[in-house]
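Observations on the three-dimensional arrangement
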Amino acid sequence: MTSTDQNKPKTSNQTVIDWVEKMARMTRPDSIYFCDGSEREKEQLTAQSFTTGELEPLNPQKLPGCVLHRTAPNDVARTEGLTFICTSVKEDVGPTNNWMSPPEAYKKLAAIFEGSMSGRTMYVIPFIMGVPGSSFSKIGIELTDSIYVVLNMRIMTRMGQVAWNELGDSSDFTRCLHSKADLNMERRFICHFPEDNTIWSVGSGYGGNVLLGKKCLALRVASHLSQREGWLAEHMLILGLEDRQGRITYIAAAFPSACGKTNLAMLIPPVTQPGYRVWTVGDDIAWMRIGPDGRLWALNPEAGFFGVAPGTSKQSNPNALKTVRKNTIFTNVVKTPEDMVWWEGLDGDTPAEGIDWRGKPWTPSSGHPGAHPNARFTAPAFQCPCISPEWENPQGVPISAIIFGGRRAHLAPLVYQSFNFQHGVFVGATMASERTAAQYGKLGEVRRDPMAMLPFCGYNMADYFQHWLSMGQKVSKAPLIFHVNWFRTDDKGEFIWPGFGENVRVLRWIAERCAGADRAQARQTPIGYIPSDGALDLSGLDIPQGTIEELLRIDTEAWLAEVAELRKFFFKFGARLPAEINAELDALEQRLRR
Ligand code: OXD
Ligand code: MN
């Protein structure tokens, strides 16, 4: 940046200026730059990052506007063990969060932030989570010493002048402070202070830890705020399923990480399902409020996708591939000799050689993946071929169904519907995923992940269940709640449901249940309603009848064992667990024993 650009606030908001100065006295940057979000700013920052190596250019003809970044090898994923919620009362964060007292956390992190930006520029990034002028939206300001963060925030949020304008003189913004410091894992902390509307992240350069609008603000801090203000901040995709008559049913869906949320949000129905179409509203986060019509309305607060690259292919997600052809930041992927990007699972030939995610020469016989398994793309949502025309509607979209998903090899059927909203909250609270070979931990081990919010709920999860239950009391036209499992396997461990585009068949049954359509018949089982014979449209799918029965089978013994495990899990929450959750668990057990 030129010296005239530096130190010139693009806001006259005194609260902002005072806070920036205070943080700068601690972090001691050489200069301070207030971002305006302009094209010129982007070009200058990109050029500057090429000179330092923070970013690398890619093939300008084939990947216009795209760049490559590599993180430090010890800094490739969210670090849940180093993530804290800092509230005055420990019990307020519950048994599933790490806690530190605010004075201790501020002191500990201040010692690391002290002088951490010296020799660097502090960038001041104003951003909106949500769309300008929407009652859903929240404003944040992130201070960072990383150009990678600035350029990512530029894609993931509405950033720059638009946010300065939206903020005006208000002091109502989330104070986000980030420094890479020395990227030392021993001095890495991601601390949330929901009572102060503040987030401090130090020692990391990985997106999930440092793009503070995303997991930190839009989920952890927002969940705390939403409990107080009577709305929901959820780890959910939002999609619109268009049917043959052109009617669109909006669905919000929560899945644990690595269960294909981005793929489902961008699904392309197979040719055997003509006339159906999926529109993407969001792939990761949904903010939901009760509208004047008594329905639940959802808005995606983000403006881009921060998706996992490995496994993204023409089969799994052709729309994502089209989205990332331009203006995309690739992180920790392989760079080929043609300055193209590559990752494991991408279609076409594996490059004979390249530079791997660590920046080292790589060939397919190197004996390790070229792209990190958590390599990412950051791409603007508007570039997605199936982006919903409603995605920036300040009112959001009306939600007819909520889906909770899990990865269970044998337990959960392909799909079931809860009996009512309260039972649906219970179904969400029982969500779980079994670890796969690609993940840390013991194979097959079950990780309980209620509503896929385990790493993202910024307060006591027992209170969070209560909040969901009370939203159910307030919403007069509650969405129907479903559970899906695409990952059932046979004795050999092979998936028995084809998944991907074929999942539209399940979405159709869900939408038809919401519309009360005749063909969407259901059968009552102890765990909920499952599709009756013939209710799922399986035309053109070559699946033996026995497999369909297996996909929908409810194994009473296995479910009773699950009930016992759930009792242990819920016991952790003590007396704060809502009585309704225990009552639902007892009722499930009784139905299973009947
Ligand atoms: C994500 C996650 O990165 O859920 O979206 O981990
Ligand atoms: Mn996520």
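Residues numbered from 1 in each chain as written. Chains lettered and ligands numbered in written order. Predicted model: local features only at pLDDT ≥ 70, side-chain atom pairs only at ≥ 80, totals over all residues. Heavy atoms only, no water.

Turning our attention to the overall build of the protein chain. Secondary structure summary: the protein chain contains 15 helices and 31 strands in total. The C-alpha atoms of the protein chain give 24 Å as radius of gyration, which agrees with the globular expectation for 594 residues (25 Å, within 12%). With the C-alpha coordinates of the protein chain rotated into their principal frame, the extents come out at 75 × 55 × 45 Å. The long-range share in the protein chain, meaning contacts at least 24 apart out of those at least 6 apart in sequence, stands at 73%. Carbon together with sulfur atoms contributes 51% to the accessible area of the protein chain, which is approximately 22,800 Å² in total. Looking at the protein chain, you have 62 positive and 65 negative side-chain charges, and the mean spots of the two groups are 1 Å apart. (Helix = DSSP H or I, 4+ residues; strand = E, 2+ residues; numbered from the N terminus. Rg over C-alpha atoms; globule rule 2.2 N^0.38 Å. Contact = heavy atoms within 4.5 Å. Areas by Shrake-Rupley, 256 points an atom, 1.4 Å probe, with all protein chains shown as cover. Lys, Arg positive; Asp, Glu negative; His and termini not counted. Charge placed at Lys NZ, Arg CZ, Asp CG, Glu CD.)

We now examine empty space enclosed by the protein. The rolling of a water-molecule-sized probe over the atoms marks out the regions of remaining empty space. For the coordinates displayed, the defined rule picks out 3 cavities of 30 Å³ or more. Of the volumes computed, that of the largest cavity is approximately 80 Å³. Along its surface, the largest cavity is lined by Arg-408, Leu-411, Ala-412, Tyr-416, Thr-430, Met-431, Ala-432, His-483, Trp-559, Glu-562 and Leu-566. Per-class residue counts for the lining of the largest cavity are 7 nonpolar, 2 polar and 2 charged. When its volume is computed, the second largest cavity comes out at roughly 50 Å³. No other element matches helix 10 (residues 421-429), which puts 3 residues into the lining of the second largest cavity. Within the lining of the second largest cavity, the residues separate by chemical class into 7 nonpolar, 2 polar and no charged. (1 Å grid on protein atoms, 1.4 Å probe; cavity = no way out; pocket = protein on both sides within 12 Å on 5 of 7 lines; lining within 4 Å. Points joined across faces, edges and corners; volume = space filled by probe spheres on them. Nonpolar A, V, L, I, M, F, W, Y, C, P; charged D, E, K, R; others polar.)

Around ligand 1 lies a shell formed by Arg-78, Lys-215, His-235, Ser-257, Asp-284, Arg-376 and Phe-456. Arg-78 places a side-chain nitrogen or oxygen 2.9 Å from an oxygen atom of ligand 1. Within the side chain of Arg-376, a nitrogen or oxygen atom sits 3.1 Å from an oxygen atom of ligand 1. Among the residues forming the shell around ligand 1, the class breakdown is 1 nonpolar, 2 polar and 4 charged. (Near = heavy atom within 4 Å. Polar contact = N/O pair within 3.5 Å; in protein donor to acceptor, adjacent residues only side chain to side chain.)

The next subject is the pairing of strand 16 (residues 286-290). Counted residue by residue, strand 16 has 4 buried out of 5 residues, so it is predominantly covered. Relative to strand 16, strand 12 (residues 232-234) runs antiparallel, the two being bridged by 3 bridges. Along strand 16, the bridge assignment pairs Glu-234 with Ala-286. Between strand 16 and strand 17 (residues 296-299), which follow one another and run antiparallel, lie 5 residues, and Gly-294 among them has a positive phi close to 80°. (Buried < 20%, exposed > 50% of the residue type's maximum accessible area, 1.4 Å probe, protein only. Pairing = 2+ DSSP bridges.)

Attention now moves to the coordination of the manganese ion (ligand 2). Coordination of the manganese ion (ligand 2) by the protein involves Lys-215 (NZ), His-235 (NE2) and Asp-284 (OD), with metal-donor separations of 2.2 Å. Read in sequence order, the donor residues coordinating the manganese ion (ligand 2) give the pattern K-x19-H-x48-D. In this pair, Lys-215 sits in helix 7 (residues 213-229) while His-235 sits in the loop between strand 12 and strand 13 (236-242), placing the two residues 20 residues apart along the sequence. Across this residue pair, the class does not change: Lys-215 and His-235 are buried. (Donors = N, O, S within 2.8 Å, 3.2 Å for Na, K, Ca; no water.)

Time to look at the side chain of His-467. Relative to the assigned elements, His-467 resides in helix 11 (residues 461-474). With a relative accessible area of 5%, His-467 lands in the buried category. Here the side chain of His-467 touches Ser-226 through a polar contact of 3.4 Å, landing on its backbone oxygen.

Right, let's talk about the packing of helix 2 (residues 39-52) against helix 4 (residues 147-156) for a bit. Angle between the axes and distance between the axes are the two parameters that describe a pair of packed helices. Contact geometry of helix 2 with helix 4 gives a least axis separation of 10 Å together with a crossing angle of 145°. Of the two possible hands of crossing, helix 2 and helix 4 adopt the one that is left-handed. Here helix 2 contributes Glu-39, Lys-42, Leu-45, Thr-46, Gln-48 and Ser-49 to the contact with helix 4, which in turn contributes Ile-147, Val-150, Leu-151 and Arg-154. Here the contact of helix 2 with helix 4 is composed, by residue class, of 4 nonpolar, 3 polar and 3 charged. (Axes fitted to C-alpha atoms, helices over the stretch in contact; angles between N-to-C directions. Left-handed = near helix turned anticlockwise from the far one by under 90°.)

A full pass over the atoms with the stated rule returns 33 salt bridges. Residues Asp-243 and Arg-247 are paired through a salt bridge, measuring 3.1 Å at the closest nitrogen-oxygen approach. Relative accessible area serves as the criterion here: at 15%, Asp-243 is assigned to the buried category. Close ionic contact of Arg-408 with Glu-562 constitutes a salt bridge, the shortest N to O distance being 3.1 Å. Of this pair, Arg-408 sits in the loop between strand 25 (397-405) and strand 26 (415-417) while Glu-562 sits in helix 14 (residues 556-571), and the two are 154 residues apart along the sequence. Of the two residues examined, Arg-408 and Glu-562, each falls in the buried class. Through salt bridges that share partners, Lys-214, Lys-215, Lys-261, Asp-284 and Glu-302 make up one connected network. (Salt bridge = Lys/Arg side-chain N within 4 Å of Asp/Glu carboxyl O.)

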